[in-house]
Amino acid sequence: MMQSSKYRWPCSIMIGVIAVAASRGYVSAAEVAAKGAAKGAMVTRAVTISHEEYLGHIALLAHDELGGRGTGSDGIDLAAGYIAGQFAAAGLSPGGPDGTYFQEFTFPSRSGAKILEDTALRFDGSDVQPAVNTDFLPLSFSTMGKFDGDLVFVGYGATNPDKDYDDYAGIDVDGKVVIMLRREPPDWPGDSRFTTHATFESKAKLAKRNGATAMIIVNRDDDRGELRRFRPDGETYGIPAIHLNRDLAEKVLSAGGLASLSDLQKGIDEGGKPASAVVAGVRASGEIAYETNDITARNVLGVLRGTGPHADEYVVIGGHYDHLGVRRGEIHNGADDNASGTAGVIEIAKALARTPKRDRSVICMAFTGEEIGLIGSKYYTANPTVPIDSIAAMINMDMIGRHNDSTNKLDIQGLGTGSVFKEIVERRAAEAGIEFRPDDSAKGPSDHDSFYRAGVPSLFFFTGVHPDYHGPGDDTEKVNVEGAVAIAELVYQIAMDIIDGDEAPQYVEVDQPAHIDFSAMMGSPGSPMGGPPRGGVVMGILPDRTDDPDKPGWRVVAVMEGGGAATAGMKDGDVIIAIDGKAINGLDDFRDQTKDKKPGDVIAVKIRRGDEEMTLDVTLAARSG
Ligand SMILES: [Zn+2]
């Protein structure tokens, strides 16, 4: 068990830093104390979390034996068992739907899907016979099954009352196969990136609602040529769906006597009127068949029943326990990300269990699959073990282990999403003498985002990224135990204020994304701009991981100081829409578009900022360890 000298000196640093930090947008103790006094005394509660026990959880969860806790690995199952054991020992009752401490579910690993040989597409009445993989691919949300029907062109497959536009008006597609263009007429989005009419989800549901038996999507003329990669994630919209090569589609439509796709598209875009028509004499038929290798994953849940009048309301205390597993042959132990938060959940669970009276009930939860797209928290909020509207608040801890090391301070986000959050957090932080950087938004790259989007007021505690972020160096000995325990005790106090509060926090929508500061990563071995080159190139941005690759554009969460993008003038929140003239919708497109580029090469990056579009010349850098 590690007890380094570093363990003794952090608190002195903390005091020093508190004095300095006040000037950089941090909420100062004095300020709050003054405000607090007016509001009358807070309940004082003694809580002591053991540093040894806290550290013990991290040392175990981040041990090499657990292999970096990759979702679906043996190591993560060991971690799940350990956490459940800790919940049981603390006296929490099982919170899983089957009476255990686990909420088990399967999801298709996006990377392991296989398109089966039965997958086929035929166009009778034309000499076009497309081949799977080269000429067409199922779309990731496609259902499986056979289809057969007359072919009907339906423009963008959209019904937009605001534009008095309906591709399905006056045409019968019941039992037919519809073929349509991707996205939407360029004048529809206005100053937003796109409207819902452009989404695959909207097009699929509309086609189904109009009785179509299958749908075929074709790129607009300004789209990249490639077919979308087939990466099912289990979400389907109830209809077989295909992405067909535009040139082949062109031939099929002309076999049915229709004008060229460019003319059809131009007519709709400029005339604002649909051009839906039967593709005369052409019948489309085929089958979609694929198999996904499903991964079994588990959220871990323990419950403490409340004893007061609001016992049917719940406060969720959570953090993810998965991490990256083994990458490039190295175990990524994830001590800070997120053994530190998981240890916080366990110790707060124990402290709450020791608390004699609690009004509302508590669910302590460790999420799986956070690193691969918030899979665990998305699954939970879609399959809650208690009514979602009975969850009064959610508190997420993800990376609380690097408080006050070099440049890292505490970020507390989501403050604007719950009516009483600001007052409670400010007063408890002042009481604890902890400085923090406030942010109203709960839209961000961790599990609170799923709860916020499900209508739950949500708070997020985070001590920031660091040079070891998502690197093999994120190890136990670098965790600031004193800082993390102080944060966990603060979270305990805040949670108890909500648990025992007369009023539950009222949900408040805060639409803008939260700010994540990545400056601490710059120039260090783990950062994208430092350390050994790892092949590939970077622009020096951090993309929005919650952004859907099937939707147009690629949102930039943060631009890294000193990086190519920053030098070219890119800003946080910009949306990348094209590189060297090719549309970009996500990391895959970026990688495809830059695969032949070298460090030092310059790319023309077209971005949208508000309703402005501009092109920036970005110098690429080597992608590092
Ligand atoms: Zn994390």
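Located above this text is the structure these notes cover.
Residues numbered from 1 in each chain as written. Predicted model: local features only at pLDDT ≥ 70, side-chain atom pairs only at ≥ 80, totals over all residues. Heavy atoms only, no water.

1. Description of the overall build of the chain
Next, step 1: Scanning the chain from N- to C-terminus turns up 14 helices and 30 strands.
Next, step 2: Of all 625 residues assigned to the chain, the portion counted as buried reaches 55%.
Next, step 3: The long-range fraction of contacts in the chain, counting pairs at least 24 apart against all pairs at least 6 apart in sequence, stands at 79%.
Next, step 4: As displayed, the chain has an accessible area near 24600 Å², and 51% of this comes from carbon and sulfur atoms. (Helix = DSSP H or I, 4+ residues; strand = E, 2+ residues; numbered from the N terminus. Buried < 20%, exposed > 50% of the residue type's maximum accessible area, 1.4 Å probe, protein only. Contact = heavy atoms within 4.5 Å. Areas by Shrake-Rupley, 256 points an atom, 1.4 Å probe, with all protein chains shown as cover.)

2. Considerations on the side chain of D447
Next, step 1: If you trace the backbone, D447 turns up in the loop between β21 (436-439) and α11 (448-453).
Next, step 2: Setting aside anything within four residues of it in sequence, one finds D447 in contact with H320, F367, E370, L374, S377, M394 and N396.

3. Examining the coordination of the zinc ion
Ideal values for angles at a metal depend on the geometry: 109.5 degrees with four tetrahedral donors, 90 or 180 degrees with six octahedral donors.
Next, step 1: Coordination of the zinc ion by the protein involves H320 (NE2), D337 (OD), D398 (OD) and D398 (OD), with metal-donor separations of 1.9 to 2.6 Å.
Next, step 2: Metal-centred angles of 52 to 144° between the 4 donor atoms at the zinc ion mark the site as irregular.
Next, step 3: Coordination of the zinc ion draws on donor residues from a single chain, spaced H-x16-D-x60-D in sequence. Placement of H320 in strand β15 (residues 314-320) and of D337 in helix α8 (residues 335-354) is noted, with a sequence separation of 17 residues between them.
Next, step 4: Residue D337 is classed as buried on the basis of its relative accessible area, which comes to 2%. (Donors = N, O, S within 2.8 Å, 3.2 Å for Na, K, Ca; no water. Tetrahedral: all angles 85-135°; square planar, octahedral: opposite > 155°, others 65-115°.)

4. Regarding the nonpolar core
Next, step 1: In terms of nonpolar packing, the biggest core is built from 64 residues, with F87, V300, I317 and F461 touching the most fellow members.
Next, step 2: Among the elements that make up this core, the one with the highest residue count is helix α12 (residues 481-499) (14 residues).
Next, step 3: Contact partners of F87, with chain neighbours within four places excluded, come to L92, Y101, V300, L301, G302, V345, I346, A349, C364 and M365.
Next, step 4: Residues L151, L181, A214 and V218 belong to the second largest nonpolar core, which totals 33 residues. (Core = buried A, V, L, I, M, F, W, Y, C linked by side-chain atoms within 4.5 Å.)

5. Some remarks on the pairing of strand β19 (residues 391-397)
Next, step 1: Burial of β19 is extensive: 7 of the 7 residues sit out of reach of the surface.
Next, step 2: Where β15 meets β19, 5 bridges bridge the pair, whose relative direction is parallel. When the sheet's bridge partners are listed, Y314 is paired in β19 with I391.
Next, step 3: With 4 bridges connecting them, β19 and strand β22 (residues 458-462) associate as parallel partners. By the bridge assignment for β22, M394 is matched with S458. (Pairing = 2+ DSSP bridges.)

6. Remarks on helix α7 (residues 261-271)
Since the α-helix advances by 3.6 residues per turn, residues separated by three or four positions end up pointing in the same direction.
Next, step 1: Residues of α7 that are buried include every one of L261, L264, Q265, I268 and D269, and no others. With its buried residues spanning 125° around the axis, α7 presents them on a single face.
Next, step 2: In this structure, the buried residues of α7 make contact with β6 (145-153), β8 (165-166), β9 (177-181), β10 (214-218) and α6 (246-255).
Next, step 3: Once α7 ends, the next one or two residues include G272, with phi positive near 70°. (Arc of directions from axis to C-beta.)

7. Here's the deal with the packing of helix α3 (residues 51-61) against α12
Next, step 1: Running from N to C, α3 and α12 cross one another at 105°; their axes reach a closest spacing of 10 Å. Here α3 lies roughly perpendicular to α12, going by the angle between them. Within the contact between the two elements, α3 uses H51, Y54 and L55 and α12 uses V481, E482, A484 and V485.
Next, step 2: By residue class, the composition of the contact of α3 with α12 is 5 nonpolar, 1 polar and 1 charged. (Axes fitted to C-alpha atoms, helices over the stretch in contact; angles between N-to-C directions. Parallel < 35°, antiparallel > 145°, perpendicular 65-115°, else oblique. Nonpolar A, V, L, I, M, F, W, Y, C, P; charged D, E, K, R; others polar.)

8. What to know about the packing of aromatic side chains
Next, step 1: Applying the stated rule across the entire model yields 10 aromatic pairs.
Next, step 2: Arranged with centres 5.4 Å apart and planes meeting at 35°, the rings of Y452 and Y507 form a pair that is tilted. A residue pair is termed long-range when its members are at least 10 positions apart, and Y452 in helix α11 and Y507 in the loop between α12 and β23 (533-538) qualify at 55 residues.
Next, step 3: An aromatic cluster is built from F105, F107 and Y379, whose rings are joined through pairwise contacts.
Next, step 4: Cation over ring: R298 sits above F102, and NZ or CZ is 4.1 Å from the ring centre. (Phe/Tyr/Trp six-rings, centres within 6.5 Å; stacked < 30°, edge-to-face > 60°. Lys NZ or Arg CZ within 6 Å of the ring centre and 35° of its normal.)

9. Quick notes on the sheet that holds strand β4 (residues 120-124)
Strand pairing in a sheet is mediated by backbone hydrogen bonds. Such pairs are either parallel or antiparallel.
Next, step 1: Read from one edge to the other, the open sheet built from 7 strands follows the order β4-β12-β6-β9-β10-β11-β5, with strand pairing classed as mixed. Edge positions in the sheet fall to β4 and β5 (136-138), since each has one partner strand and no second. If you compare each strand with its neighbour and ignore which way they point, the axes differ by 30° on average.

10. Comments concerning the environment of A430
Next, step 1: Relative to the helices and strands, A430 is located in helix α10 (residues 421-432).
Next, step 2: A relative accessible area of 21% places A430 in the partly exposed class.

11. A short note on the side chain of K443
Next, step 1: Within the element layout of this structure, K443 appears in the loop between β21 and α11.
Next, step 2: At 2.7 Å, the side chain of K443 forms a polar contact with the side chain of D511. (Polar contact = N/O pair within 3.5 Å; in protein donor to acceptor, adjacent residues only side chain to side chain.)

12. Considerations on the environment of M394
Next, step 1: Here M394 is to be found in strand β19.
Next, step 2: Using a relative accessible area of 0% as the deciding quantity, one classes M394 as buried.
Next, step 3: Each C-alpha atom of the pair M394 and F451 lies 7.0 Å from the other, and the pair is 57 residues apart in sequence.
Next, step 4: Sequence-distant contacts of M394, that is, excluding residues within four places in its chain, are made with V316, F367, D447, H448, F451, V456, P457, S458 and L459.

13. With respect to the environment of K595
Next, step 1: Structurally, K595 can be placed in the loop between α14 (587-594) and β28 (602-609).
Next, step 2: You can call K595 exposed: its relative accessible area is 59%.
Next, step 3: For the pair K595 and G536, spaced 59 residues apart in the sequence, the C-alpha separation amounts to 6.8 Å.

14. Some points on the pattern of salt bridges
Next, step 1: Taken as a whole and judged by the stated rule, the model has 29 salt bridges.
Next, step 2: D148 is the salt-bridge partner of R283, the closest N and O atoms lying 2.9 Å from each other. Taken as a pair, R283 in strand β12 (residues 277-288) and D148 in strand β6 lie far apart in primary sequence, 135 residues in all.
Next, step 3: For E270, the salt bridge is made with K266, and the minimal N-O distance between the two is 3.7 Å. Taken as a pair, E270 and K266 lie in helix α7 at a separation of 4 residues, close to a single helical turn. (Salt bridge = Lys/Arg side-chain N within 4 Å of Asp/Glu carboxyl O.)

15. A look at the packing of α3 against helix α4 (residues 74-90)
Next, step 1: Running from amino to carboxyl end, α3 crosses α4 at an angle of 160°, the nearest separation of the two axes being 10 Å. One element, α3, and the other, α4, form an angle in the roughly antiparallel class. For the crossing formed where α3 meets α4, the hand is right-handed. Seen from α3, the contacting residues are H57, L60 and L61; seen from α4, they are A79, Y82, I83 and Q86.
Next, step 2: Its residues placed into classes, the contact of α3 with α4 shows 5 nonpolar, 2 polar and no charged. (Left-handed = near helix turned anticlockwise from the far one by under 90°.)

16. What about unusual backbone geometry?
Keep in mind that most residues, glycine aside, have a negative phi and that most peptide bonds are trans.
Next, step 1: Of note, the amide linkage connecting D337 to N338 takes the cis form, showing an omega dihedral of 5°.
Next, step 2: Structurally, the position occupied by N338 is in helix α8.
Next, step 3: Even without being a glycine, N133 presents a positive backbone phi close to 80°.

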